[in-house]
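As a plain string of letters, each chain reads:
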Amino acid sequence: VVALPFTGSIIQLFYRRDVLAAAGLAPPRTWEELLVMAAALNGTDMNGDKQPDYGVCISRHEACPYSAFQLLAVLAPHV
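The paragraphs below set out a description of the structure included in this document. (Residues numbered from 1 in each chain as written. Predicted model: local features only at pLDDT ≥ 70, side-chain atom pairs only at ≥ 80, totals over all residues. Heavy atoms only, no water.)

### Things to note about the overall build of the chain
Inclusion rule: Only DSSP runs of H or I reaching four residues or more are called helices, and only runs of E reaching two or more are called strands; each is numbered from the N terminus. Whether two residues touch is decided by their heavy atoms; if any such pair falls within 4.5 Å, the residues are in contact. Calculation of accessible area relied on Shrake-Rupley with a 1.4 Å probe; when residues are assessed, cover is drawn exclusively from the protein chains displayed.
Tallying secondary structure elements over the chain gives three helices and zero strands in all. Reading the chain from its N terminus to its C terminus gives the helix and strand order α-α-α. Partitioning the intrachain contacts of the chain with sequence separation of at least 6 by distance along the chain shows that 22% fall at a separation of at least 24. Of the roughly 6700 Å² of accessible surface on the chain, a fraction of 61% belongs to carbon and sulfur atoms.

See the structure below:
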């Protein structure tokens, strides 16, 4: 046995087609592509409020103790 599932949670990635199209990017299919997309979009104004936005947001909410699993899902393949 190499690994056992820890939970039955499903981590989803939502993206805005209009933002990716405007940047000339395709939806990411791998973590590496996600990092490239995030780097390309980070600091751009994606919602028209004249403020820079993050390329990727990993949610954190006090009522959700599992928020760190999203970050672990991104990091785990690289360890």
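Next comes the rest of the write-up.
### Points about the nonpolar core
Across soluble globular proteins, nonpolar side chains have a tendency to be buried as a group. Test applied: Here, nonpolar core refers to any group of buried Ala, Val, Leu, Ile, Met, Phe, Trp, Tyr and Cys residues whose side-chain atoms link them within 4.5 Å. Burial classes follow relative accessibility: with a 1.4 Å probe on protein chains only, a residue under 20% of its type's maximum area counts as buried, one over 50% as exposed, and anything between as partly exposed.
Counting six residues, the largest nonpolar core is built from V19, L20, L34, M37, L41 and M46. When contributions to this core are tallied by element, the ones reaching two or more residues are helix 1 (17-23) and helix 2 (31-41). Ranked by residue count, the leading element in this core is helix 2, at three residues. Setting aside its immediate chain neighbours within four residues, L41 contacts V19, L20, A23, L25, M46, D53 and G55.

### Quick word on a nonpolar patch on the surface
Under the convention used in this document: Like-charged residues are merged into a patch within 9 Å and nonpolar side chains (Val, Leu, Ile, Met, Phe, Trp, Tyr) within 5 Å, provided each residue has over 30% relative accessible area and no salt bridge. Any Lys or Arg side-chain nitrogen located within 4 Å of an Asp or Glu carboxyl oxygen qualifies as a salt bridge.
Taken together, the side chains of V56, I58, L71, L75 and V79 make up a nonpolar region of the molecular surface, amounting to roughly 460 Å² of accessible area. Mapped onto the elements, I58 comes out in the loop between helix 2 and helix 3 (67-75).

### What to know about helix 2
Our working definition: Each direction from the helix axis to a C-beta atom contributes to the arc, which is the arc of those directions.
L34, M37, A38 and L41 are the residues of helix 2 that are buried. An end-on view of helix 2 places all buried positions within 100° of arc, on one side of the element. Exposed residues pointing more than 90 degrees away from the buried face of helix 2 are listed as V36 and A39. Buried positions along helix 2 lie against helix 1. Looking at the residues trailing helix 2, positive phi occurs at G43, about 90°.

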